Amino acid sequence: MNIGDRVRLMSGREEGIVTRILDQNLVEVTIDDFPVPVLRSELVLVAPEEFKAFGGSELAPSQVAAPRPLKPGKPSGKNTPPAVTSTTSPSGSTPVAPKPAPAPPAPKGLYLALVQQTSELLVAHLINNTDADVLFTFGEERNGQYRALSAEKLAPKTVSQPLGHRHLKDFDQWSTAVVQLLPVQLNSPTLFETLLKRVSFKASSFYSSRREAPVIKREAFLFQLDEKPVAPIPVPTADEPKPAAAPVVDPVKLRDQIAEKLRGDAKTVVPAPKQEPVKAIVPPSHEVDLHLEALKPEGVTEGLSNTAILELQVNAFEDALSRALATNMHEIVFIHGTGNGTLRKELHKRLSRNRDIKFFEEARKEKFGYGATLVRLK
């Protein structure tokens, strides 16, 4: 029993698809878009012939890389092709179906296809629509961690076995698909470059990628892995002229040239500007008066709004506090006065957010009344 097999419950008539191997005796089966853990002993495989006879469809064996054929789920209403409208022959007796327009040939290339098995369950395949064999490694990348899931050789014009299943309801949690591809062709006169492609699925472009996939001739969410054809690396033949050899350089002459260049540059070297010594941080006074008249001389503060005055006082408080912390002071007193309490509330709010403060409290009432705050520093 493998991932992708269609199975039936022995205790009922429900059918589903194996989407994960949980352990030796337990598998996950998706039935009507819902994953359910089931014991292997409670399941029986549905033969491809039985599934096809009762309305299913499958890929042609020649299109699948491994012997086991791909078994898709029941076609949904969205995937069912429209019915062909019949017309009447010129004689008016026998209806004749119009000939459908020939589909354009599928472009050559390598593709990642997500084929819909049910309305919610998609199965991932690689499609080799080229004339060369392809060695590939398929994996997924999630949160910067990579995990390889499959590594095989894919013949020309074939599709791989199921490489994994994805549920549309978990679209936001899909991992990034990572594919490494190396086309190979026996007796080929050219070399091919190794391709590395990461496919991140985005809702804005995912649903517009639905179209008929080459080789399998079914609708799928299709992502071309080689947007431009794989560029062969030309191998030079005996008749082709070889590139000119690099000129031989005398090491002694080269050394003298470098020394002369350095001597010339030394004459024009501009001396670096002298760095000014770093000024020492001056500790603030033990008692910092934040009254306006203490911060600015008389006449300078005329015309200032209340907001500008508060900003001036808060800046003085922040400067004194930062210098007290930098010079390892143990405590400092800020004299803010009583007034309407706006400055006091602003200082207490900022002190409560500072992690370098042990605690703060009202300063000695006998000296400052209720107009000062004592701050203990860590």
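Residues numbered from 1 in each chain as written. Predicted model: local features only at pLDDT ≥ 70, side-chain atom pairs only at ≥ 80, totals over all residues. Heavy atoms only, no water.

## Side note on the layout of surface pockets
Thinking step 1. In this structure, the largest pocket encloses a volume near 640 Å³.
Thinking step 2. Lining the largest pocket are 23 residues, and of these Arg-20, Glu-140, Gly-164, His-165 and Arg-166 sit closest to its centre.
Thinking step 3. Residue assignment for the lining of the largest pocket shows that the elements contributing at least two residues are β2 (15-21), β10 (133-142), β11 (145-154) and β13 (165-167).
Thinking step 4. Looking at the lining of the largest pocket residue by residue, the classes come out as 8 nonpolar, 7 polar and 8 charged.
Thinking step 5. Counting the residues that make up the lining of the largest pocket, at least three belong to each of domain 1 (5-52) and domain 2 (110-234). (1 Å grid on protein atoms, 1.4 Å probe; cavity = no way out; pocket = protein on both sides within 12 Å on 5 of 7 lines; lining within 4 Å. Points joined across faces, edges and corners; volume = space filled by probe spheres on them. Helix = DSSP H or I, 4+ residues; strand = E, 2+ residues; numbered from the N terminus. Nonpolar A, V, L, I, M, F, W, Y, C, P; charged D, E, K, R; others polar. Domains from an automatic or database assignment.)

## What to know about the packing of aromatic side chains
Thinking step 1. Tallied over the full model, the rule gives 9 aromatic pairs.
Thinking step 2. Ring geometry for Trp-174 versus Phe-201: centroids 5.3 Å apart, planes at 90 degrees, classification edge-to-face. Here Phe-201 lies in the loop between β16 (195-199) and α2 (203-206) and Trp-174 lies in the loop between β13 and β14 (176-184), a separation of 27 residues in the sequence. Grouping residues by exposure puts Trp-174 and Phe-201 together as buried. (Phe/Tyr/Trp six-rings, centres within 6.5 Å; stacked < 30°, edge-to-face > 60°. Buried < 20%, exposed > 50% of the residue type's maximum accessible area, 1.4 Å probe, protein only.)

## Remarks on the confidence of the model for the chain
Thinking step 1. Considering every residue of the chain, the mean pLDDT works out to 77; 73% of them sit at 70 or more.
Thinking step 2. Contacts for the low-pLDDT stretch residues 60-64, under 50 throughout, to residues beyond four places or in other chains number 13 contacts.
Thinking step 3. Long-range and interchain partners of residues 99-103, a stretch whose pLDDT sits below 50, account for 0 contacts in this model, where long-range means more than four residues apart. (pLDDT = per-residue confidence, 0-100. Contact = heavy atoms within 4.5 Å.)

## A short note on the pattern of salt bridges
Thinking step 1. Applying the stated criterion across every chain yields a total of 15 salt bridges.
Thinking step 2. Arg-6 is paired through a salt bridge with Glu-15; the nearest N and O atoms lie 3.5 Å apart.
Thinking step 3. Accessibility expressed as a relative area gives 23% for Glu-15, which makes it partly exposed.
Thinking step 4. In this structure, the salt-bridge partner of Arg-350 is Glu-318, at a minimum N-O distance of 2.9 Å. Here the residue Arg-350 occupies a position in helix α6 (residues 342-353), and Glu-318 occupies one in helix α5 (residues 306-326), the gap between them amounting to 32 residues. (Salt bridge = Lys/Arg side-chain N within 4 Å of Asp/Glu carboxyl O.)

## So, a nonpolar patch on the surface
Thinking step 1. A cluster of nonpolar side chains, namely Val-249, Leu-254, Ile-258 and Leu-262, defines an oily patch on the protein surface of about 370 Å² accessible area.
Thinking step 2. Mapping Leu-254 onto the fold places it in helix α3 (residues 251-267). (Patch = residues over 30% accessible without salt bridge, like charges linked within 9 Å, V, L, I, M, F, W, Y side chains within 5 Å. Areas by Shrake-Rupley, 256 points an atom, 1.4 Å probe, with all protein chains shown as cover.)

## Topic: unusual backbone geometry
Thinking step 1. Phi angles above zero are rare outside glycine, and Lys-157 is one such case at about 55 degrees.
Thinking step 2. We note that Lys-217 has phi near 55 degrees; this positive angle belongs to a residue other than glycine.
Thinking step 3. Inspection of the secondary structure puts Lys-217 in the loop between β17 (210-213) and β18 (218-224).

## Remarks on the sheet that holds β14
Thinking step 1. Spatial strand order, β11-β10-β14-β16: 4 strands in an open sheet with antiparallel pairing. Unpaired on one side and paired on the other, β11 and β16 mark the two borders of the sheet. For this sheet, the mean inter-axis angle between neighbouring strands, taken without regard to orientation, is 20 degrees.
Thinking step 2. Examined bridge by bridge, β10 and β14 share 9 bridges and lie antiparallel to one another. (Pairing = 2+ DSSP bridges. Axes fitted to C-alpha atoms, helices over the stretch in contact; angles between N-to-C directions.)

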